[in-house]
Amino acid sequence: MCVLAGAGTGKTRAITHRIAYGVWSGTYQPHQVLAVTFTARAAGEMRTRLRALGVPGVQARTFHAAALRQLQYFWPQAVGGAPPEVVAQKAPAVAEAAGRLRLRLDRPALRDLASEIEWAKVNLITPQGYAAAVRGRRDGVAGLDATAVSRLMSAYEDIKGERHVIDFEDVLLLMVGILDAHPKVAASVRDQYRHFVVDEYQDVNPVQQQLLDLWLGGRDEVCVVGDPAQTIYSFTGASPKHLLEFPQRHPDAAVVRLVRNYRSTPQIVQVANLVLGPGARGGVELRAQGEPGAVPQLTAYPDDVAEAAGVAADIRARIGAGTAASEIAILFRTNAQSAALESALAAQDVPYLVRGGERFFSRTEVRQAILLLRGAARSDTGNRPLGEAVRDVLSGAGWSPQPPTAGAASRERWESLEALANLADDQAALEPDTRIPGFVTELDRRASEQHAPTVQGVTLASLHAAKGLEWDAVYIIGVSEGLLPVSMAEGAERIEEERRLLYVGLTRARRELMLSWAAARGAGGRAGRRPSRFLQPAGQLLGLTKGPQSGSPKPKTRKPRRPRTCRTCGVTLETAAERKIGRCDDCPPTYDEATFERLRDWRLEVSRDQEVPAYVVFTDATLTAIAESTPDSTEKLAEIAGVGPRKLELYGDEVLAVLAGQDVVRDSSKESH
C-alpha cells in the first residue's frame, strides 16, 4: 500500500490505527511488525500511540536503530568477533585524513567534507568511484576538486579500519552487505519481521531503499507513507522517486490519498496551497476541515534587529492574552537567525527553547529529578494521586507551584520540572493505577527513546527541524530573497526544494500564521532585500502589491522611525546600540566612570544571584544609557530604551540607589513571587 498523506491529514494516526487493526483482527502478530521512520522522536511518538491502542509489542524504530540492532546481533555469526564501535562524529577522523594528505582545512571545511562523505555513502558511491560519479553534477567541496575529495575519503576509510570503528552510514551499508552475502541471516530477519510500515517515505535514500528491499526479500507486505511536497532533505541523499515510483515497482499496490487537513484553518491551508503551487509533482492539494480563522499576516521591518524585536513584543502580548508559550514557535531558514531572536525574547522576559539544543533528558535538573523519583519509588505507599506525589518529590529538586518571575536559567529549570509534573498527570489519566515506580519506568523508556515531554517556552527552530511538529501560532521570519530561497540555492531543483521548505513551515501552524521579512540586515543598513518570490502566488491574500518600477512585491510596512542624532556631535546614529545610548561610537562617553563601574558591579551581582548572563539583566547599551542620563526617578528611568515595565519593577529601586551612591540591599522577594 502507498499512502500519499498531505500535511496535517492525520498520517501518524492513520498508520498506527492501520497497524493496530491488523493486530486486533489477527492479520498481524505484533512482534512481526516493524515500523521504520527517520527520527528517534517520531519513532517514540509512534510507539506511544501504538501502546495506547493496545499493541505495545510492535517495533517502531529508525532505519539506523533497526539496522544497528541487527548488526550487533548478527556480526559474530556473519563476520566473527565483537562488532565495531560506532563513532558519534566524523570530524576528528576527517581532520586526521586531511592531515595525512597535508591539507590545511578549517572547521567549516571539515564539516562540509563530513557531509559530502555521508552523501556519497547513502548514494552507494565509493571513494574510488566518487570523482566519476560527481563529474558535471556537483561542484568541489571545501575548495578541493573531486579527485582530492576522493583521496580524502579513502584516507578516512583507512583510519576507521585501523581503529576498528564505523560511522552511522556504515551501519546501513554493512547490514546490506551481510543480508546480501549470508542467506541464513537474511532468512532469520525475514522470519522475524513479516510486515513493514515505512513513514516519511519521501526521505528514503538509496541505501535505505536497498536495506528495505533485503528485509522484504521479494514479499509485498509493506505500507509506505509520505508526501512528495515535504521532500526537504535531498542534500542528505533523500529522494521522492522511491515514493512516486512505488506503484510502478508494485503494480498491485493500493494507492490512498489523504487530502483532508485537520490541523490548520482554511486561511492557512489556502496560503500553503498557493505557495506550493501546481508544480509539486505527485503531491496532494490540501482541503481544509477546520474552523475559519485569521488571515495570515505579512509584516515588513526595516532590519533584522527590528524584526526580532517586533516578533518578540508581539509574542509577549500573545502570551499575556492567554496563549501558552509552548504553543508558539518562531521558524527560520538558517540557524544564524536565532541569535537576534534569543536576545529580543530575553529582553521581553519570554521563556524560549532552541530546538536542536541540549536534549531534555540530558539536562542536569531532569537527571536529578529522576534520581529523586527513583529513591521515592521504594517508599511510595499509593495513598495520594500520582501527580501530587510526584510534585512533592520534585519540590526537592527546585520545583514550586508558581514559576520564578526572573532569571532565564531559573525559569528554564522550573519549566523542565513542570514538564515532568504534567507528564505525571497525563500518565495517571492514561493509566490511573500508575504509581511512582511505574512512572519512573515510563521516564526511563522515554529517555531511551528521546521522547521528551512538552516544555513551556516559545520554540525557536529552523524550518528543517520543525518538520513533523505543529503549534497554535507560528511566526516565520526572514521570508525574503536570499533567505527563502537561500542565496546558495542554485538551479530549478534546489529552488523548488526551498519552496517546499517554506510550505513545510506554513503547514506547522494550527490557528495563526505570521510571516515577516526585513529590508536590511543591520540597523541603518541599505534596504536591498525584497519579499520572497514564493509569496507572490498568495500576494493578494497577504497584501502584496507590485512595485511601479521593479515589479517586485512590496507589502505594507510599519511607519519608519525618525532618524536620531548624536547628542554630542549631531551626526545620524546608525546602529540600535547608538540610538539606545544617544551617542555615536566616535564620541567619547559622557558618563562618570565610577558610576558606570558601580552599575556594572551591581549587574554582575544580580546576574550571579539569578544565574543568568549579565545581558539578560541589562545589555551594555542600556547600562551605558543609564549611566549617561543618570535618571533620578523611576519615571525618567522608564524613558530609557531597554528598561521595560518588568525590569523597572525588578531593578528600578536598586538602579536608582546605585546612581545615588547608596548601598544596595537586594530584594529577592521580587524574584520569587
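Residues numbered from 1 in each chain as written. Predicted model: local features only at pLDDT ≥ 70, side-chain atom pairs only at ≥ 80, totals over all residues. Heavy atoms only, no water.

For the chain, the name recorded in an unreviewed UniProt entry is DNA 3'-5' helicase, with Ornithinimicrobium faecis as its organism. Quoted verbatim from the Sequence similarities (unreviewed entry) field of the UniProt record, the comment on the chain reads "Belongs to the helicase family. UvrD subfamily." (UniProt positions renumbered as here; feature names shortened; annotations may be inferred.)

**Here's the deal with the overall build of the chain**
Within the chain, the secondary structure is distributed over 28 helices and 18 strands. A burial count over the chain gives 49% of its 673 residues as buried. A separation threshold of at least 6 residues defines the contact pool for the chain, and within that pool the share at least 24 residues apart is 75%. Here the chain has roughly 32100 Å² of accessible surface; of this, 50% comes from carbon and sulfur atoms. (Helix = DSSP H or I, 4+ residues; strand = E, 2+ residues; numbered from the N terminus. Buried < 20%, exposed > 50% of the residue type's maximum accessible area, 1.4 Å probe, protein only. Contact = heavy atoms within 4.5 Å. Areas by Shrake-Rupley, 256 points an atom, 1.4 Å probe, with all protein chains shown as cover.)

**A closer look at the environment of K184**
Topologically, K184 is positioned in helix α9 (residues 183–192). We classify K184 as exposed; its relative accessible area is 71%. Between the C-alpha atom of K184 and that of A78, which follows or precedes it by 106 residues, the distance is 9.4 Å.

**Let's talk about the packing of helix α4 (residues 91–100) against helix α7 (residues 146–163)**
In contact at an axis separation of 8 Å, α4 and α7 are set at 120 degrees when each is read in the N-to-C sense. Our pair here, α4 against α7, has a crossing hand that is right-handed. Judged by residue contacts, A93, V94, E96, A97, A98 and R100 of α4 engage L152, A155, Y156, I159, E162 and R163 from α7. In terms of residue class, the contact of α4 with α7 is made up of eight nonpolar, no polar and four charged. (Axes fitted to C-alpha atoms, helices over the stretch in contact; angles between N-to-C directions. Left-handed = near helix turned anticlockwise from the far one by under 90°. Nonpolar A, V, L, I, M, F, W, Y, C, P; charged D, E, K, R; others polar.)

**Overview of the packing of aromatic side chains**
Evaluated as defined, the whole model comprises 11 aromatic pairs. Judged by centre distance (6.0 Å) and plane angle (10 degrees), the rings of F196 and W215 are stacked. On the criterion of sequence distance, the pair formed by F196 in strand β6 (residues 195–198) and W215 in helix α10 (residues 206–216) is long-range, its members being 19 residues apart. This pair shows no difference in class: F196 is buried, exactly as W215 is. With a centroid separation of 6.2 Å and 35 degrees between ring planes, the pair formed by W602 and F618 is classed as tilted. Here W602, found in helix α23 (residues 593–610), pairs with F618, found in the loop between α24 (614–617) and α25 (620–629); they are 16 residues apart in sequence, far enough to count as distant. There is no split in this pair, since W602 and F618 are both buried. The rings of F38, F63, Y193, F196 and W215 are connected pair by pair, giving a single aromatic cluster. (Phe/Tyr/Trp six-rings, centres within 6.5 Å; stacked < 30°, edge-to-face > 60°.)

**Observations regarding the sheet that holds strand β14 (residues 458–462)**
Spatial ordering of the open sheet is given by β11-β16-β15-β12-β14-β13, a layout of six strands whose pairing is parallel. In this open sheet, the two edge strands, each paired with only one partner strand, are β11 (297–303) and β13 (352–354). Going from strand to strand, the sheet's axes swing by 25 degrees on average, the running direction of each strand aside. Each of β12 (328–332), β13 and β14 touches helix α15 (residues 338–347); the most contacted strand, β13, lies at about 160 degrees to it. (Pairing = 2+ DSSP bridges.)

**A look at the state of the cysteines**
According to the stated counting rule, one finds zero disulfides in the structure shown. A disulfide-free cysteine, C2 has its sulfur positioned 8.2 Å from the sulfur of C223, the nearest such atom. Among the residues examined, C223 registers a relative accessible area of 2% and is labelled buried. (Disulfide = S-S within 2.5 Å.)

**Observations concerning the packing of helix α3 (residues 63–78) against α10**
A pair of packed helices can be characterised by two numbers: the angle between their axes and the separation between those axes. At a minimum axis distance of 12 Å, the contact between α3 and α10 shows a crossing angle of 55 degrees. With respect to α10, the axis of α3 lies oblique. As α3 runs across α10, the sense of the crossing is left-handed. Counted together, F63, H64, A66, A67 and Q70 of α3 and Q208, L211 and W215 of α10 form the full contact between these two elements. Per-class residue counts for the contact of α3 with α10 are five nonpolar, three polar and no charged. (Parallel < 35°, antiparallel > 145°, perpendicular 65-115°, else oblique.)

**Things to note about a nonpolar patch on the surface**
Judged by side-chain polarity, L274, V295 and L541 come together as a nonpolar surface patch covering roughly 200 Å² of accessible area. Along the chain, the position of V295 falls in the loop between β10 (287–288) and β11. We classify V295 as partly exposed; its relative accessible area is 44%. (Patch = residues over 30% accessible without salt bridge, like charges linked within 9 Å, V, L, I, M, F, W, Y side chains within 5 Å. Salt bridge = Lys/Arg side-chain N within 4 Å of Asp/Glu carboxyl O.)

**Things to note about the sheet that holds strand β8 (residues 255–258)**
Across the sheet, six strands lie side by side as β3-β2-β6-β7-β1-β8; this open sheet has parallel pairing. This sheet does not close on itself; its edge strands, each paired only once, are β3 (59–62) and β8. Pairs of neighbouring strands in the sheet enclose a mean axial angle of 15 degrees, with direction left out of account. Alignment of β6 against strand β7 (residues 222–226), held across three bridges, turns out to be parallel. Within β7, the position partnered with V198 by the bridge is V224. Contacting β2 (33–37), β3 and β6, α3 runs over the sheet at an angle of about 105 degrees to β3. Seen against the sheet, α10 touches β2, β6 and β7 and runs at an angle of roughly 160 degrees to β6.

**A look at the confidence of the model for the chain**
Looking at the chain, the pLDDT average stands at 85 and 89% of residues meet or exceed 70. Ignoring residues within four places in sequence, the model shows residues 546–561, a span with pLDDT below 50, making 28 contacts including any to other chains. (pLDDT = per-residue confidence, 0-100.)

**A closer look at the side chain of K11**
Relative to the assigned elements, K11 resides in helix α1 (residues 11–24). Of the polar contacts made by the side chain of K11, one reaches the side chain of E200; its length is 3.5 Å. With residues near it in sequence (within four places) discarded, K11 still touches A5, D199, E200, V225 and L258. (Polar contact = N/O pair within 3.5 Å; in protein donor to acceptor, adjacent residues only side chain to side chain.)

**As for the nonpolar core**
In this structure, W215 and I476 are the most contacted members of the largest nonpolar core, which totals 80 residues. Of the residues forming this core, the biggest block, seven residues, is contributed by α3. If sequence neighbours within four positions are ignored, I476 has contacts with L331, L463, L502, G505, L506, L513, M514, L515 and S516. Among the nonpolar cores identified, the runner-up in size contains 25 residues, and A369, V393, W399 and A419 belong to it. (Core = buried A, V, L, I, M, F, W, Y, C linked by side-chain atoms within 4.5 Å.)

**A closer look at the pattern of salt bridges**
All chains considered together, the criterion is met by 36 salt bridges. Here D203 makes a salt bridge to K467, at a shortest N to O gap of 3.7 Å. Linking D203 in the loop between β6 and α10 with K467 in the loop between β14 and β15 (471–476), this pair joins segments that are 264 residues apart in sequence. Just as D203 is buried, K467 falls in that class too. Among the ionic pairs, R263 bridges to E470, the shortest N-O distance being 3.2 Å. Highlighted residues: R263 in the loop between β9 (260–261) and α13 (266–276) and E470 in the loop between β14 and β15, separated in sequence by 207 residues. A relative accessible area of 16% places R263 in the buried class. In this structure, a network of salt bridges that share partners links the residues K11, D199, E200, D203 and K467.

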